[in-house]
Amino acid sequence: ETLTVEPSTAAIRPYCVAAILRNVTFTPQIYKSFIDLQDKLHQNICRKRTYVAIGTHDYDTVKGPFRYRAMPPNEINFVPLTEDSGKSYSGLELLNFYREDPSVKHLKPYTDIIYDSPVYPLVSDANDTVLSLPPIINSKHSRIQLHTKNIFIECTATDITKANIVLDTMVT
């Protein structure tokens, strides 16, 4: 499997590393622990997602090869993890929603990281399905769940060393 990092990301978040975990068996406790690890890493070594943002995806819902690129916010279109109605957003619409809606206030601080940039980073699959808008949110399409067996993990970053440490920690 391949992940291509396109030159357009140099303007915003230049690095991306990835791995696939296969044949995972989640119990409710292990699943919670996996999500908690992601949250703790985001708060600490990732410095509130400014250095590294972790995306975890159900590998069986996506198709490689994968692309990491940056696009103008209004050209991005996807359904975020937080959306239960299936509503799709442009990059800018989504960040504005996270800045204004109290139900997703935990995501508001991360919007400042990319808000004013002319391009936003995104990870997509071979079908051009957007899997994540780092460092903000993953897509609803590829979300991991208790029954997930294979996990695609991507870490986008401004620091390649920290990205590799975070990926290694998630895999371990």
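As a reminder, the structure under discussion sits directly above these lines.
Residues numbered from 1 in each chain as written. Predicted model: local features only at pLDDT ≥ 70, side-chain atom pairs only at ≥ 80, totals over all residues. Heavy atoms only, no water.

*Asks:* Requested: an account of the overall build of the protein chain, with residues and values cited.
*Replies:* Summing up its helical and strand segments, the protein chain has four helices and ten strands in all. Against the compact-globule benchmark of 16 Å for 172 residues, the protein chain has a radius of gyration of 15 Å, which places it among compact chains. Overall, the protein chain is about 40 × 35 × 35 Å in size when its C-alpha atoms are taken along their principal axes. A fraction of 72% describes how many contacts in the protein chain between residues 6 or more apart in sequence connect residues 24 or more apart. A total accessible area of about 8,400 Å² is found for the protein chain, and carbon and sulfur atoms account for 52% of it. Charge separation in the protein chain, taken as the distance between the mean sites of 18 positive and 19 negative side-chain charges, equals 5 Å. (Helix = DSSP H or I, 4+ residues; strand = E, 2+ residues; numbered from the N terminus. Rg over C-alpha atoms; globule rule 2.2 N^0.38 Å. Contact = heavy atoms within 4.5 Å. Areas by Shrake-Rupley, 256 points an atom, 1.4 Å probe, with all protein chains shown as cover. Lys, Arg positive; Asp, Glu negative; His and termini not counted. Charge placed at Lys NZ, Arg CZ, Asp CG, Glu CD.)

*Asks:* I'd love a proper account of helix 2 (residues 91-100), names of residues and values included.
*Replies:* Taken residue by residue, helix 2 has G91, L94, L95 and Y98 as its buried positions. Around the axis of helix 2, the buried residues are gathered within 95 degrees of arc, so they sit on the same side. On its buried face, helix 2 is in contact with strand 5 (77-78), strand 6 (89-90), helix 3 (108-114), strand 7 (120-124), strand 8 (130-133) and strand 9 (137-138). (Buried < 20%, exposed > 50% of the residue type's maximum accessible area, 1.4 Å probe, protein only. Arc of directions from axis to C-beta.)

*Asks:* Lay out the sheet that holds strand 2 (residues 15-21) in plain terms, naming residues and giving numbers.
*Replies:* Strands pair in a sheet through their backbones, by hydrogen bonds, and they do so in one of two ways: parallel or antiparallel. One open sheet accounts for three strands, arranged 2-10-3; its pairing is antiparallel. Looking at which strands have only one partner, the edges of the open sheet turn out to be strand 2 and strand 3 (52-58). In this sheet, neighbouring strand axes are inclined to one another by 15 degrees on average, regardless of whether the strands run parallel or antiparallel. Here strand 2 pairs with strand 10 (residues 151-157) via seven bridges, running antiparallel. When the bridges of strand 10 are listed, A18 appears paired with E154. Most of the contacts of helix 1 (residues 28-43) go to strand 3, to which it runs at about 160 degrees, and overall it touches strand 2, strand 3 and strand 10. (Pairing = 2+ DSSP bridges. Axes fitted to C-alpha atoms, helices over the stretch in contact; angles between N-to-C directions.)

*Asks:* For the side chain of S132, give the residues involved together with the corresponding values.
*Replies:* Within the secondary structure layout, S132 lies in strand 8. A distance of 2.7 Å separates polar atoms of two side chains, one belonging to S132 and the other to E154. (Polar contact = N/O pair within 3.5 Å; in protein donor to acceptor, adjacent residues only side chain to side chain.)

*Asks:* Now, about the pattern of salt bridges: what can you tell me, with residues and values included?
*Replies:* In the structure shown here, the tally under the stated rule is seven salt bridges. With a closest N to O distance of 3.0 Å, D128 and R69 form a salt bridge. Placement of the pair is D128 in the loop between strand 7 and strand 8 and R69 in strand 4 (residues 66-71), with a sequence separation of 59 residues. With its nearest N and O atoms 2.6 Å apart, the salt bridge here joins D112 to R99. Of this pair, D112 sits in helix 3 while R99 sits in helix 2; the two residues are 13 residues apart in sequence, bridging distant segments of the chain. Using a relative accessible area of 56% as the deciding quantity, one classes D112 as exposed. (Salt bridge = Lys/Arg side-chain N within 4 Å of Asp/Glu carboxyl O.)

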